[in-house]
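Structural description and commentary
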Amino acid sequence: MTAPPPEEARETSGATTSGVLRYVRRHGGDDAVAAVLRGAGLSSRADELADQSRWWSYDTRIRLFRSTIDVLDDPDAMFRIGASAVESGLAHSLLLVLRALGTPRQVFRTLPRTTAKFTTVSTMEVVETTPTSATMALRLAEGYPHSVLDCEYARGLAVTVPTIFGLPPGVIATAQCQADGSRVCTYRVVWERRSRLPRRRRDRGAADTELAALRGQLRTLQSAAGELVASDDLDSVLHRIVARAGEAVLAPAHLLAVAAPDGGPPLVHGAGVPADDLDDLADRLLAGEDLGPTAVVVEVASARRRHGRLAAIYPSGEGSTVDEHTMLAAYAGHAAAALDLLFALQDARRQADRAGALLALAHQLAGASDPTAVSAIVSAALPRVIGCSSASVMLWDPTRGQLQGRSSIGTGVARDLFLNTPLHPEDTPELVGMLTDREPRIIRAADSSPALRQLMAAIDVSDVVAVPLLAGSTFLGVATASWEAGRAPAELDGDVLARLRGVGDQASTALQKARLLETVRHQATHDALTGLPNRVLFLERLQATLADAGQDGRPGVLFCDLDGFKQVNDTLGHAAGDELLRQVAARLRAVVRPGDTVGRLSGDEFAVVLPDLADDDDARHLADRVTGCFAEPFRLDGTPVPVGTSVGVAVLGADRDRTADELLREADAAMYRHKQLRRAVAAAGR
């Protein structure tokens with residue numbers, strides 16, 4: 001929910017400050033306005049002070065009054081400003097409300113309410129009224145210094161009341177002011193009877209006043225409507241709705257609460273509402289609760305949609321008047337139309353964005369060549385396509401029997417935790433169900449299994465839609481769209497699920513293709529019999545090792561072949577020979593270091609990339625380990641078969657100008673020398 005930015009205390013209505021500036025401009029021009037603002041220390045606020053929907057502090061009000069007296073050099077200026085309020089453009093909505101009361105006497109009887117539209121630090125008491133007079137008492141709240149200028153302005157406003165009905169201005173018959181030592185400011189206003197005026201003059205004056213107010217109110221509503229549709233940013237529009245509500249109904253506080261178009265938390269904007277009360281009042285407003293006599297509440301609704309509610313709020317039950325509900329409702333209709341337009345525009349943009357996201361997804365998936373890339377592309381596209389807070393792709397590992405996170409978007413600092421927390425069927429009934437029926441699941445944290453609920457809490461999501469990724473009947477994994485608490489749409493099994501299924505189908509096809517490419521790539525670079533890198537991949541890794549070695553690095557390569565491999569094939573058959581090669585590959589993997597690469601180059605020839613050798617002794621030690629792994633006979637068809645090996649090692653020397661092929665040839669040559677030496681030793685022994 002959005003609280004208003006810090007601002008001045010809301011103690012004086014902009015209807016007062018704007019009236020002062022209009023009077024000064026009419027009698028002294030723009031230069032006089034600038035001088036008044038400078039004298040009051042408000043030179044940068046001309047446009048804001050002229051806005052009747054704004055509110056200001058009592059201190060700003062009195063400084064503006066004093067500066068006006070000085071610049072116009074007229075000690076009676078504040079009385080004159082109050083007395084000219086109707087002709088200078090007092091809030092049109094207020095004039096229409098007062099005009100509807102019928103007589104000056106009825107207006108004076110409602111002054112306690114009307115005063116609340118101009119100030120929150122003064123109260124008005126009607127002591128007595130007659131058909132041609134009214135006696136009033138004005139009190140200033142404790143802690144505020146009294147100003148005679150404020151009292152004079154109030155008197156000016158009082159004498160202008162009869163003019164609303166086409167009568168001559170009233171006259172202050174008696175007055176007492178706090179500045180003279182009185183406890184309160186009291187004054188008595190008298191005016192002429194309606195019957196003493198010619199009917200034509202009386203009716204024409206009243207009609208002119210009402211017509212001017214109606215025209216002004218229409219211009220205000222038209223201006224507000226135009227301003228509301230001038231922006232396509234939702235937050236800005238909501239802020240403007242609240243700001244301009246002050247022109248429809250003069251009140252020290254306004255509150256707007258509307259339902260979020262995406263189904264998330266309500267959108268709330270307030271002006272003059274204490275931050276501590278904002279959330280509670282908004283919840284009550286949206287729930288349709290009665291906010292009491294201090295509030296005027298209307299629906300913000302159009303023929304197409306109910307958006308929410310708008311309230312004008314007073315500090316006490318005094319303030320609201322009979323026709324204000326109609327005024328605020330008329331404005332709320334314009335606000336609803338603006339929201340209709342904005343939401344339609346946003347929906348069109350969302351649809352266009354989703355279409356663009358789907359096209360981009362198809363294009364990117366066409367170029368993805370491995371499951372990790374496919375997973376990353378899909379999870380990145382889901383927030384735009386679905387409108388979710390976060391998304392992920394989890395792939396099924398059939399060898400381990402677990403669902404493992406492969407990519408995640410929007411889970412923030414919990415991303416690593418998610419990717420490193422596999423789900424096992426024995427702990428996750430939801431996964432068992434999906435493996436069984438291959439159907440999507442809508443998962444809510446409150447009623448999920450303990451393991452899943454713990455994971456969802458850790459990554460801060462409360463609602464998840466999960467669809468299986470399938471290749472025929474083969475379970476490949478799961479794509480998920482998820483939301484934080486309170487952010488999920490009300491319905492997850494309709495449009496949301498349909499869009500996620502569509503993305504899931506694309507992801508499944510891309511994963512199938514990626515796995516096929518992985519298989520083809522593996523077959524092209526690995527030995528089909530042993531699964532070891534073949535000559536092509538081995539040379540690539542050897543070349544990469546040489547390129548990565550620094551000036552002090554000592555990479556090397558070990559080359560070996562089998563002694564008596566042809567005899568095994570000839571005596572036991574090729575199946576036994578194949579089994580021998582598989583066992584040799586397993587023994588070589590077992591004795592090399594973790595960073596070494598074992599490859600089968602051809603036939604019975606194997607080689608090992610040896611990065612980061614410490615010295616020549618280190619190379620010889622590794623060669624001895626390889627030779628030693630052939631000490632035990634191999635079991636082929638249940639028969640122990642002794643097989644030996646010849647080993648050669650080549651290490652990149654100080655010249656560092658040899659290629660991978662050249663280093664491999666050196667190791668091959670060293671291996672043949674070792675083989676010849678072993679044969680010579682064996683012959684000498686005979």
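Before any of the text, the structure's been laid out above.
Everything in this summary refers to the structure shown in the same document.

Conventions we followed
- Residues numbered from 1 in each chain as written.
- Predicted model: local features only at pLDDT ≥ 70, side-chain atom pairs only at ≥ 80, totals over all residues.
- Heavy atoms only, no water.
- Helix = DSSP H or I, 4+ residues; strand = E, 2+ residues; numbered from the N terminus.
- Buried < 20%, exposed > 50% of the residue type's maximum accessible area, 1.4 Å probe, protein only.
- Areas by Shrake-Rupley, 256 points an atom, 1.4 Å probe, with all protein chains shown as cover.
- Salt bridge = Lys/Arg side-chain N within 4 Å of Asp/Glu carboxyl O.
- Phe/Tyr/Trp six-rings, centres within 6.5 Å; stacked < 30°, edge-to-face > 60°.
- Lys NZ or Arg CZ within 6 Å of the ring centre and 35° of its normal.
- Polar contact = N/O pair within 3.5 Å; in protein donor to acceptor, adjacent residues only side chain to side chain.
- Pairing = 2+ DSSP bridges.
- Axes fitted to C-alpha atoms, helices over the stretch in contact; angles between N-to-C directions.
- Contact = heavy atoms within 4.5 Å.
- Core = buried A, V, L, I, M, F, W, Y, C linked by side-chain atoms within 4.5 Å.
- Arc of directions from axis to C-beta.
- Parallel < 35°, antiparallel > 145°, perpendicular 65-115°, else oblique.
- Left-handed = near helix turned anticlockwise from the far one by under 90°.
- Nonpolar A, V, L, I, M, F, W, Y, C, P; charged D, E, K, R; others polar.
- Disulfide = S-S within 2.5 Å.
- Expected span 1.5 Å × (residues − 1).

Structural notes on the overall build of the protein
Within the protein, the secondary structure is distributed over 23 helices and 21 strands. Per-residue burial for the protein yields a buried fraction of 49% across its 686 residues. Carbon and sulfur atoms provide 51% of the accessible area of the protein, an area that totals close to 31,800 Å².

Side note on the pattern of salt bridges
Following the criterion strictly, the structure yields 26 salt bridges and no others. For Arg284, the salt bridge goes to Glu289, with nearest N and O atoms at 3.4 Å. One salt bridge connects Glu666 with Arg658, and the closest N-O pair in it is separated by 2.5 Å. Overlapping salt bridges, with partners in common, bring together Asp561, Asp563, Lys675 and Arg678 in one network.

So, the packing of aromatic side chains
Scanning all chains against the criterion turns up five aromatic pairs. Between the aromatic rings of Tyr58 and Tyr144, the centroid separation amounts to 5.6 Å while the plane-to-plane angle is 85°, which identifies the pairing as edge-to-face. Here Tyr144 lies in the loop between strand 4 (133-140) and helix 9 (148-159) and Tyr58 lies in helix 3 (residues 58-72), a separation of 86 residues in the sequence. On the basis of an interplanar angle of 70° and a centroid distance of 5.9 Å, the ring pair of Trp396 and Phe475 is categorised as edge-to-face. Placement of Trp396 in strand 11 (residues 390-397) and of Phe475 in strand 15 (residues 474-483) is noted, with a sequence separation of 79 residues between them. Judged by its relative accessible area of 7%, Phe475 falls in the buried class. Above the face of the Phe634 ring, Arg587 is positioned so that its terminal group lies 3.6 Å from the ring centre.

What about the side chain of Asp596?
Among the secondary structure elements, Asp596 is positioned in the loop between helix 21 (574-591) and strand 17 (597-602). Within the structure, the side chain of Asp596 is placed 2.9 Å from the side chain of Arg593, a separation counted as a polar contact.

A word on the environment of Pro266
Examined against the element boundaries, Pro266 turns out to sit in the loop between strand 7 (253-258) and strand 8 (267-271). What makes Pro266 partly exposed here is its relative accessible area of 26%. On a C-alpha basis, the gap between Pro266 and Arg487 in space is 9.9 Å, while along the polypeptide they are 221 residues apart.

Digging into the sheet that holds strand 5 (residues 171-176)
One open sheet accounts for four strands, arranged 3-4-6-5; its pairing is antiparallel. Each of the sheet's edge strands pairs with one partner strand only, and the pair in question is strand 3 (122-130) and strand 5. Within the sheet, the average angular offset between the axes of one strand and its neighbour, ignoring direction, is 20°. Here strand 4 runs beside strand 6 (residues 185-190); their pairing, made up of six bridges, is antiparallel. Its bridge partner being in strand 6, Leu138 is matched across the sheet by Cys185. Relative to the sheet, helix 9 contacts strand 3, strand 4, strand 5 and strand 6, its axis offset from that of strand 6 by approximately 20°.

Here we look at the sheet that holds strand 21 (residues 644-651)
Within a sheet, adjacent strands bond to each other through the backbone by hydrogen bonds, running parallel or antiparallel. Spatial ordering of the open sheet is given by 17-18-16-21, a layout of four strands whose pairing is antiparallel. Only two strands of the sheet have a single neighbouring strand rather than two, namely strand 17 and strand 21. Averaged over all pairs of adjacent strands, the angle between strand axes in this sheet comes to 25°, irrespective of strand direction.

Considering unusual backbone geometry
Its identity as a non-glycine residue notwithstanding, Asp73 has a phi of 50°, on the positive side. Mapping Asp73 onto the fold places it in the loop between helix 3 and helix 4 (77-83). Classification of Asp73 by relative accessible area gives exposed; the value is 68%. Positioned with a positive phi, Asp612 is a non-glycine residue whose angle comes to about 55°. Mapped onto the secondary structure, Asp612 falls in the loop between strand 18 (605-610) and helix 22 (616-628). Judged by its relative accessible area of 65%, Asp612 is exposed.

With respect to the side chain of Thr119
Of note, Thr119 is situated in the loop between helix 8 (111-115) and strand 3. Overall, Thr119 belongs to the buried group, its relative accessible area being 6%. Within the structure, Thr119 has its side chain in polar contact with the backbone oxygen of Glu11 (distance 3.3 Å). Here the side chain of Thr119 touches Val121 through a polar contact of 3.0 Å, landing on its backbone nitrogen. Residues in contact with Thr119, not counting those within four places in the same chain, are Glu11, Trp55 and Arg61.

Some words on the nonpolar core
The biggest cluster of nonpolar side chains holds 33 residues, and the ones touching the most others in it are Val374, Val378, Leu382, Ile386 and Trp483. Listed by contribution, the elements that provide at least two residues to this core are helix 13 (324-367), helix 14 (371-386), strand 11, strand 14 (463-471), strand 15 and helix 18 (495-525). Tallying contributions element by element places helix 18 first for this core, with eight residues. Apart from residues lying up to four places away in sequence, Ile386 is in contact with Arg354, Ala481, Trp483, Val496, Arg499 and Leu500. Grouped together as the second largest cluster of nonpolar side chains are 30 residues, Leu580, Val608, Leu622 and Val647 included.

Comments concerning helix 20 (residues 565-572)
Every buried residue of helix 20 is accounted for by Phe565, Val568 and Asn569. Across the axial projection of helix 20, the buried residues extend over an arc of 95°, all falling on one side. In this structure, helix 20 carries Lys566, Gln567, Asp570 and Thr571 as exposed residues pointing more than 90 degrees from its buried face. Those residues of helix 20 that are buried lie in contact with strand 16 (556-563), helix 21, strand 19 (634-636) and strand 20 (639-641).

Details of the packing of helix 14 against helix 18
Direction vectors running N to C along helix 14 and helix 18 enclose 165°, while the axes themselves pass 9 Å from each other. In terms of axis orientation, helix 14 runs roughly antiparallel to helix 18. Every pair of crossing elements has a handedness; the one defined by helix 14 and helix 18 is right-handed. In this structure, helix 14 contributes Pro371, Val374, Val378, Leu382, Val385 and Ile386 to the contact, and helix 18 contributes Val496, Arg499, Leu500, Val503, Ala507, Ala510, Leu511, Ala514, Arg515 and Glu518. Of the residues that constitute the contact of helix 14 with helix 18, the class distribution is 13 nonpolar, no polar and three charged.

A closer look at the state of the cysteines
This model, assessed by the stated rule, comprises zero disulfides. Here Cys185 is not cross-linked by a disulfide; its sulfur's nearest cysteine counterpart is in Cys151, at 3.6 Å.

Quick notes on the pairing of strand 7
Where burial is concerned, most of strand 7 is hidden: six out of the six residues are buried. Here strand 7 shows a buried face lined by Ala253, Leu255 and Ala257 and a second buried face lined by His254, Leu256 and Val258. Sheet topology places strand 7 next to strand 10 (residues 306-313); six bridges connect them, and they run antiparallel. Within strand 10, the residue paired with His254 across the bridge is Ala312.

With respect to helix 12 (residues 275-286)
For the α-helix, the turn length of 3.6 residues means that residues three or four positions removed from each other point alike. Look at helix 12: 17 Å from first C-alpha to last across 12 residues, which is about the 16 Å you get at 1.5 Å a residue. Taken residue by residue, helix 12 has Leu278, Leu281, Ala282 and Leu285 as its buried positions. When helix 12 is viewed along its axis, its buried side chains cluster within an angular range of 105° and face the same direction. At its buried positions, helix 12 is contacted by strand 7, strand 8, strand 9 (295-301) and strand 10. Positive phi shows up at Gly288, right after helix 12, with a value of about 80°.

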